[in-house]
Each structure stands twice: as structure tokens, then as C-alpha cells.
Amino acid sequence: MSSRPLEGTWERPLRLSLERIMQSSMRREKTQYYPTKSNFVDRLEATRFRSFDDMLDSHHDDAVLVSFGSKMCGPCRLMQKELDSVRNVLADNNLKVFGVDTERFPSLGARFQVSGLPTVMLFKQGKVLHKMEGLHKADDVVEQVRNLLS
């Protein structure tokens, strides 16, 4: 008797289990590596600039709201949702909203003296107009921005 039939009996279940493992790992990769709603930087403006000053210069006439946070920070992710609402409410006021990951760019956090996360700063003509530390509701942020820009 040849050993061929014995090989076939275990090859098929092994192949099926390997296919299942590959499919489940592909599902995990999708949820792990693709941008999600809680991803800090991806939900804000998805524009890349050479430097922070380049970003401020390109929006010199507009008000720029910059959120300093981290992907690993729970309050930062909550603040992200609030900033999405702020962007929608103040879309007609030429307000640009950007995010800075302070883990990737710690020099920016040090430059603007960010001592706690999340920190939101309002810039106009390249200068800091207002700084808010901690988690704030969208209505509070909208009210403060409107008061400062009027």
C-alpha cells in the first residue's frame, strides 16, 4: 500500500485550518492597520506639511485650531470626536482643524509648552490666541472660538 492516501487525509484538514488562520489574521490586520474612527491624527485634516510653521503660513488668514494629543491617550480620542463636531459647526468661519501627535513630534509639544493632553490651541496669523488644556465639550470650544474670533 502506498503512503499517498495517508498524506491526503491530513493535508486537506491542515490546508483548511491554515486558510482559516490566514483569513482571521487578514481580518485582524484590517482592523489594526487601517484608519479607524478613534485614530487620532487621521480624523483631523489629512494634509501633510513640511513643518508646523509651513502649515501655519499656508493658512495665515484663517483661524487654525490645533489639537495636541496622542493615539494612546483616551481623553485625546474623546476630544477628537468633539473636534469633529466643532469642525462641522464652524465650517463656514474658515476654521481649519489639525492634529499633532506629540509622541511622534515631541519638539512641538515642548515648543508650545504642552503640559497635559489633550491640549487645543487656536492660532491666528501664526500666533497663539488661546490655549485649552484637558477634555472640553464641543459646545464650549465653539463658544470660546466664536468669542475670540469676533
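This text follows the structure it describes.
Calculation criteria
- Residues numbered from 1 in each chain as written.
- Predicted model: local features only at pLDDT ≥ 70, side-chain atom pairs only at ≥ 80, totals over all residues.
- Heavy atoms only, no water.
- Helix = DSSP H or I, 4+ residues; strand = E, 2+ residues; numbered from the N terminus.
- Buried < 20%, exposed > 50% of the residue type's maximum accessible area, 1.4 Å probe, protein only.
- Contact = heavy atoms within 4.5 Å.
- Areas by Shrake-Rupley, 256 points an atom, 1.4 Å probe, with all protein chains shown as cover.
- Patch = residues over 30% accessible without salt bridge, like charges linked within 9 Å, V, L, I, M, F, W, Y side chains within 5 Å.
- Salt bridge = Lys/Arg side-chain N within 4 Å of Asp/Glu carboxyl O.
- Pairing = 2+ DSSP bridges.
- Axes fitted to C-alpha atoms, helices over the stretch in contact; angles between N-to-C directions.

## Here's the deal with the overall build of the chain
For step 1, the next point in the chain: On a plain count of helices and strands, the chain comes out with 5 helices and 4 strands.
For step 2, the next point in the chain: Its helices and strands taken in sequence order, the chain reads α-α-β-α-β-α-β-β-α from the N to the C terminus.
For step 3, the next point in the chain: By the burial criterion, 30% of the 150 residues in the chain qualify as buried.
For step 4, the next point in the chain: Considering only contacts within the chain whose residues lie at least 6 apart along the sequence, 69% involve residues at least 24 apart.
For step 5, the next point in the chain: Accessible area of the chain: about 10100 Å², with a carbon and sulfur share of 51%.

## Section: unusual backbone geometry
For step 1, the next point in the chain: With an omega of -5°, the peptide bond between L117 and P118 qualifies as cis.
For step 2, the next point in the chain: Secondary-structure assignment places P118 in the loop between α4 (106–111) and β3 (119–124).
For step 3, the next point in the chain: One non-glycine residue, Q113, lies in the positive phi region at around 55°.
For step 4, the next point in the chain: Summarising the element assignment, Q113 is placed in the loop between α4 and β3.
For step 5, the next point in the chain: Within the chain, Q125 stands out as a residue other than glycine whose phi angle is a positive 55°.
For step 6, the next point in the chain: Mapped onto the fold, Q125 is located in the loop between β3 and β4 (127–133).
For step 7, the next point in the chain: The class for Q125 is partly exposed, based on a relative accessible area of 48%.

## Quick notes on a nonpolar patch on the surface
For step 1, the next point in the chain: A cluster of nonpolar side chains, L129, L148 and L149, forms an exposed patch at the surface whose accessible area comes to about 220 Å².
For step 2, the next point in the chain: Relative to the elements of secondary structure, L148 occurs in helix α5 (residues 138–149).
For step 3, the next point in the chain: L148 gets classed as partly exposed once you look at its relative accessible area, which sits at 35%.

## Considering the pairing of β4
For step 1, the next point in the chain: Here 6 bridges tie β3 to β4, and the two strands are oriented antiparallel to one another. Bridge pairing links F123 to V128 in β4.
For step 2, the next point in the chain: Linking β3 back to β4 in an antiparallel pair, the connection comprises 2 residues, with Q125 at a positive phi of about 55°.

## With respect to the sheet that holds β4
For step 1, the next point in the chain: Reading across the sheet, the 4 strands line up as β2-β1-β3-β4 and stay open at both edges, with mixed pairing between neighbours. Strands at the two margins of the open sheet, each flanked by one partner only, are β2 (95–101) and β4. On average, each strand axis in the sheet is inclined to that of its neighbour by 20°, with strand direction left out of account.
For step 2, the next point in the chain: Where strand β1 (residues 63–69) and β2 come together, 7 bridges link them in parallel fashion. Counted as the bridge partner of S67 is G99 from β2.
For step 3, the next point in the chain: Across the sheet, helix α3 (residues 74–89) is in contact with β1, β2 and β3; its angle to β1 comes to roughly 165°.

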